[in-house]
Amino acid sequence: MTTLLTFRDDIKAFYSRYDYILTPIFKFIAAFIIFRSINQRFGYWSAFDNVLIMLILSAVCAMLPSQVITGISGVVIIIQSLKVSLDVGLLCAALVIIFYSAYMRFVPKTGIIVFLVPLCCAFHLTYALPILLGFLVGPTAIIPVSFGFILYYYENCLSELTKVLAGATSEDDTVSGFQYVIAALLDNKEILLFAGVCALVILITYCIYRQSVEHSWLISFISGGFLNIALFLVGNVLLLVDVDIISVVTGSIVGILFACFIQFCKGVVDYQKTELLQFEDTDYYYYVKAIPKLSISGINKNVKHINSKINE
């Protein structure tokens, strides 16, 4: 344990020292991965499928606030949708405006979660997402997660729409892209299941995590994992949605383990040294429960021993 704590503290110290270099690098990598995944899913305009353009956009995002990544990604998706049809592009623009008005104006820094959801779906990590967001972000993550699932299935709708439009032989066979996408999204029960389960797991995980009981973080992770599995099993029966149970269980376990790792990096506490403090002022009594974090300090201190001879 001492070795792990020492390694963690060294990493924290290194990041604090070179934060001005590492943060733009991480933002550049995140932006490039998001732009790359968007171009792979929305590959309707080949002009954006250019590595040089993605590198330039990622470099711009690295020097600006993180919400710029969300804004540029939204614009790229709108342009890609316009390539399919005008009405679909207008629908996409309306969804982006709704998301901006309902969320980005108030909580701009976590809007990037919208584009993390499709990435997690692509890597089969969807079921680990609510456990992580429950304690890292909290209830404010519910809206971007819901829009993230809409975005994921919106891309699937566009893929099917392009096949339908390509197979139309006459004007009578042409379908309205707007109506097709709206109908497909409204009839998709998976969006309702995933968004609803994620919302409940995020809320429960957050509420337990914020409690003052011992090991509340571990209890919240395990509770969120079991709730995640149970709700998807119930949803599988009630909504008749085909859910891979093995993926649900595996993803929940991965979410619990990864959450424990992040919590360790954030800091774990020593409950044996808990202190209960009480003090007051002219208006209130205060009861404080103080629990120190486990850390390694003083290892590199040089202790100099001085032996003085006393002449009698």
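Residues numbered from 1 in each chain as written. Predicted model: local features only at pLDDT ≥ 70, side-chain atom pairs only at ≥ 80, totals over all residues. Heavy atoms only, no water.

Honestly, the layout of surface pockets in this entry has me stumped. Any pointers?
Where empty space is left becomes clear once a probe the size of a water molecule has been rolled over the atoms. In this structure, the largest pocket encloses a volume near 760 Å³. Around the largest pocket, the lining comprises 20 residues; the ones closest to its centre are Ile112, Leu116, Leu133, Leu136 and Phe258. Counting residues per element, the ones that place at least two in the lining of the largest pocket are α2 (19-41), α6 (113-122), α7 (129-136) and α12 (245-266). Split by residue class, the lining of the largest pocket holds 18 nonpolar, one polar and one charged. (1 Å grid on protein atoms, 1.4 Å probe; cavity = no way out; pocket = protein on both sides within 12 Å on 5 of 7 lines; lining within 4 Å. Points joined across faces, edges and corners; volume = space filled by probe spheres on them. Helix = DSSP H or I, 4+ residues; strand = E, 2+ residues; numbered from the N terminus. Nonpolar A, V, L, I, M, F, W, Y, C, P; charged D, E, K, R; others polar.)

I keep staring at α7 and nothing clicks. Help me out?
Structural remark: α-helix, 3.6 residues per turn; residues separated by three or four positions point the same way. Of all the eight residues making up α7, seven are buried; the element is thus mostly covered by neighbouring parts of the structure. All of the buried residues along α7 are Leu129, Pro130, Ile131, Leu132, Leu133, Gly134 and Phe135. The first or second residue beyond α7 is Gly138, which carries a positive phi of 100°. (Buried < 20%, exposed > 50% of the residue type's maximum accessible area, 1.4 Å probe, protein only.)

Where do I start with a positive patch on the surface in this structure?
Where like charges cluster on the molecular surface, the positive patch consists of Lys12, Arg210, Lys266 and Lys293. By the secondary structure assignment, Arg210 is in the loop between α10 (189-209) and α11 (216-238). (Patch = residues over 30% accessible without salt bridge, like charges linked within 9 Å, V, L, I, M, F, W, Y side chains within 5 Å. Areas by Shrake-Rupley, 256 points an atom, 1.4 Å probe, with all protein chains shown as cover. Salt bridge = Lys/Arg side-chain N within 4 Å of Asp/Glu carboxyl O. Lys, Arg positive; Asp, Glu negative; His and termini not counted. Charge placed at Lys NZ, Arg CZ, Asp CG, Glu CD.)

Help me understand the packing of α11 against α12, please; the structure alone is not making it clear to me.
The axes of two packed helices give the description: the angle between them and the distance between them. Two elements in contact, α11 and α12, have axes whose closest approach is 10 Å; the angle formed by their N-to-C orientations is 165°. Relative to α12, the element α11 is oriented roughly antiparallel. The element α11 and its partner α12 pack so that their crossing is right-handed. Residues Trp217, Leu218, Phe221, Ile222, Gly225, Asn228, Ile229, Phe232, Leu233 and Asn236 of α11 form the contact with α12, whose own contacting residues are Ile245, Val248, Val249, Ser252, Ile256, Ala259, Cys260 and Gln263. A class-by-class count of the residues in the contact of α11 with α12 yields 13 nonpolar, five polar and no charged. (Axes fitted to C-alpha atoms, helices over the stretch in contact; angles between N-to-C directions. Parallel < 35°, antiparallel > 145°, perpendicular 65-115°, else oblique. Left-handed = near helix turned anticlockwise from the far one by under 90°. Contact = heavy atoms within 4.5 Å.)

Whenever I open this one, the packing of aromatic side chains confuses me. Can you help?
Aromatic ring pairs: the centre-centre distance and the angle between the two ring planes describe each pair. Going through the model one piece at a time under the given rule, you end up with 15 aromatic pairs. Ring centres of Phe14 and Tyr18 lie 4.9 Å apart, and the angle between their planes is 50°; on these two criteria the pair is classed as tilted. You can call Tyr18 partly exposed: its relative accessible area is 30%. An angle of 55° between the planes, with centres 6.2 Å apart, marks the rings of Tyr284 and Tyr286 as tilted. (Phe/Tyr/Trp six-rings, centres within 6.5 Å; stacked < 30°, edge-to-face > 60°.)

Explanation requested: the confidence of the model for the chain in the structure shown.
Reading fine detail from the predicted coordinates is not recommended where pLDDT is low. Model confidence for the chain is summarised by a mean pLDDT of 82, while 89% of its residues fall at 70 or above. Residue range residues 308-312 is modelled with pLDDT below 50. Its contacts to residues more than four positions away, or to other chains, number zero contacts. (pLDDT = per-residue confidence, 0-100.)

What's the story with the packing of helix α1 (residues 2-17) against α12 in this structure? I'm lost.
Where α1 meets α12, the closest approach of the two axes is 9 Å, and the angle between their N-to-C directions is 70°. The angle between α1 and α12 falls in the class roughly perpendicular. Along the contact surface, α1 presents Leu4, Leu5, Arg8 and Lys12, while α12 presents Phe264, Cys265 and Lys266. In the contact of α1 with α12, the residues fall into four nonpolar, no polar and three charged.

Even after reading the chapter, I still don't get the side chain of Thr205, so can you show me in this structure?
With respect to the secondary-structure elements, Thr205 resides in helix α10. Reaching out from Thr205, the side chain makes a polar contact with the backbone oxygen of Val201 at a distance of 2.7 Å. What Thr205 contacts, discounting residues up to four positions off in sequence, is Ile131, Gly134, Phe135, Ser220 and Gly224. (Polar contact = N/O pair within 3.5 Å; in protein donor to acceptor, adjacent residues only side chain to side chain.)

Help me understand the environment of Ala141 in this model?
For Ala141, the location among the structural elements is in the loop between α7 and α8 (142-167). Exposure remark for Ala141: the relative accessible area of 0% places this residue in the buried category. Sequence separation of Ala141 and Val114 is 27 residues, and the distance between their C-alpha atoms is 9.2 Å. When near neighbours in sequence (up to four residues on either side) are disregarded, Ala141 contacts Tyr103, Ile113, Leu133 and Ile202.

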